[in-house]
Amino acid sequence: MSDLPEIRIGTAEREQAMRRLSDHFAAGRLSVAEFDERSAVVAAAVTRGDVDKVFLDLPEPAPIAAVPAKRDSGFLDEWPERVMAVIPILAVILFFVTGSWLWFLAIPLSGALLFGGRHEHQRRHPRDRRRRRELED
């Protein structure tokens, strides 16, 4: 921020400085009195040099680690959901073509086949957590 200390700053720069100051306060580097004093200086700052004086004895903020980009899900990544959306429509069509209501049994059957084992570990997990808590107490 100290490229040209006598350049005038605006509201956006003051707000950014206040956020940095708040981060330092949250990290425990500043007492309440120091935070109040420094935030008053930032609020009244006119130039970059005024703001830089507030941060002289504080470390620079650590760079934020890059968040890995979410992988684009391809068409086939969600194939069970897509198949499940078609099954009821297919069951209705087959019902009218054949006259047999048994085609509607394909709906829960296909749901069980497509999604039955997918979230089984999540269903057991909360129960295991409760057991662990009981054992710890």
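Placed above this text is the structure.
Remember, predicted model here, so these are calculated numbers, not experimental data.

Visitor: What is the right way to read the overall build of the protein from this model?
Guide: For the protein, the helix and strand inventory stands at six helices and zero strands. Each helix and strand of the protein, placed in order from N terminus to C terminus, yields the pattern α-α-α-α-α-α. Residues classed as buried in the protein amount to 18% of the 137 residues present. Here the protein has roughly 10900 Å² of accessible surface; of this, 61% comes from carbon and sulfur atoms.

Visitor: Sorry if this is basic, but what is going on with the packing of helix H1 (residues 11-26) against helix H2 (residues 32-44) here?
Guide: Two quantities define a packed helix pair, namely the angle between the helix axes and the distance between the axes. Two elements in contact, H1 and H2, have axes whose closest approach is 10 Å; the angle formed by their N-to-C orientations is 170°. Here H1 lies roughly antiparallel to H2, going by the angle between them. Contacts between H1 and H2 involve Arg14, Ala17, Met18, Leu21, Ser22 and Phe25 from the first element and Val32, Phe35, Arg38, Ser39, Val42 and Ala43 from the second. Looking at the contact of H1 with H2, its residues break down into eight nonpolar, two polar and two charged.

Visitor: Sorry, what's going on with the pattern of salt bridges here?
Guide: Think of it this way: side chains of opposite charge can pair up when their charged atoms draw near. Applying the stated criterion across every chain yields a total of one salt bridge. Two residues, Asp57 and Arg38, come together in a salt bridge whose shortest N-O distance is 2.9 Å. Taken together, the residues span a long stretch of sequence, with Asp57 in the loop between helix H3 (48-54) and helix H4 (79-98) and Arg38 in helix H2 at a distance of 19 residues. Judged by relative accessible area, Asp57 falls into the exposed class, the value being 55%.

Visitor: What's the story with H4 in this structure? I'm lost.
Guide: The periodicity of an α-helix, 3.6 residues per turn, causes residues three or four places apart in sequence to face the same way. Taking 1.5 Å per residue, 20 residues should reach 28 Å; H4 reaches 27 Å between its end C-alpha atoms and fits that length. The largest bend in H4 amounts to roughly 25° and is located at Ile87, with the proline Pro88 lying one to four residues further along. Buried residues of H4: Pro80, Met84, Ile87 and Ala91, and no others. Directly after H4, the chain includes Gly99, whose backbone phi takes a positive value near 80°.

Visitor: Explanation requested: a nonpolar patch on the surface in the structure shown.
Guide: Taken together, the side chains of Val92, Phe96, Trp101, Leu102, Phe104 and Leu105 define a hydrophobic patch exposed on the protein surface, amounting to about 650 Å² of accessible area. Within the element layout of this structure, Leu102 appears in the loop between H4 and helix H5 (106-115). Judged by relative accessible area, which is 47%, Leu102 ranks as partly exposed.

Visitor: Explain the nonpolar core to me, please; I cannot follow it from the model alone.
Guide: Proteins that are soluble and globular tend to have nonpolar side chains buried together. Ile9, Ala17, Leu21, Leu30, Phe35, Val42, Ala45, Val51, Val54, Phe55 and Leu58 together form the largest nonpolar core, which totals eleven residues. Those elements that place two or more of their residues in this core are H1, H2 and H3. Leave out the neighbours within four places in its chain, and Leu30 touches Leu21, His24, Phe25, Phe35, Arg38 and Leu58.

Visitor: Would you take a moment to explain the packing of H4 against H5 for this structure?
Guide: In the contact formed by H4 and H5, the axes pass within 9 Å of each other and the chain directions differ by 170°. Put simply, H4 runs roughly antiparallel to H5. Counting all contacts with H4, which are made through Trp79, Pro80, Glu81, Val83, Met84, Ile87, Pro88 and Ala91, the residues of H5 involved are Ala106, Ile107, Ser110, Gly111, Leu114 and Phe115.

What counts as what
Per chain, residue numbering runs from 1 following the sequence as it is written. pLDDT decides what is reported in this predicted model: residues at 70 or higher carry local features, side-chain atom pairs at 80 or more are listed and counted, and totals for whole chains, interfaces and linings draw on all residues regardless. Note that the side-chain values use all heavy atoms of the structure and ignore hydrogens as well as water. Runs of H or I in DSSP of at least four residues are treated as helices and runs of E of at least two as strands, each being numbered from the N terminus. Any residue under 20% of the maximum accessible area for its type is buried, any over 50% is exposed, and the rest in between are partly exposed; the area is computed with a 1.4 Å probe on protein chains only. Exposure was quantified through the Shrake-Rupley algorithm and a 1.4 Å probe, taking into account, for residues, occlusion by the shown protein chains and nothing else. Angular values range over 0 to 180 degrees, each being the angle between N-to-C directions of two axes fitted as lines to C-alpha atoms, with helices fitted over their stretch in contact. Here roughly perpendicular refers to angles of 65 to 115 degrees, roughly parallel to angles under 35, roughly antiparallel to angles over 145, and oblique to all remaining angles. Here, residues are in contact when the closest pair of their heavy atoms is within 4.5 Å. Here the nonpolar group is Ala, Val, Leu, Ile, Met, Phe, Trp, Tyr, Cys and Pro; Asp, Glu, Lys and Arg are the charged ones; every other residue, Gly included, is treated as polar. Every case where a carboxyl oxygen of Asp or Glu lies within 4 Å of a side-chain nitrogen of Lys or Arg is listed as a salt bridge. A helix's residues, less one, multiplied by 1.5 Å, set its expected span. What is called the bend at a residue is the angle between a pair of axes, fitted to the seven residues leading up to and ending at it and to the seven starting from it. Without a salt bridge and with relative accessible area above 30%, a residue can belong to a patch; like charges are then joined within 9 Å and nonpolar side chains (Val, Leu, Ile, Met, Phe, Trp, Tyr) within 5 Å. Definition of nonpolar core: a set of buried residues of the types Ala, Val, Leu, Ile, Met, Phe, Trp, Tyr and Cys, connected through side-chain atoms within 4.5 Å.

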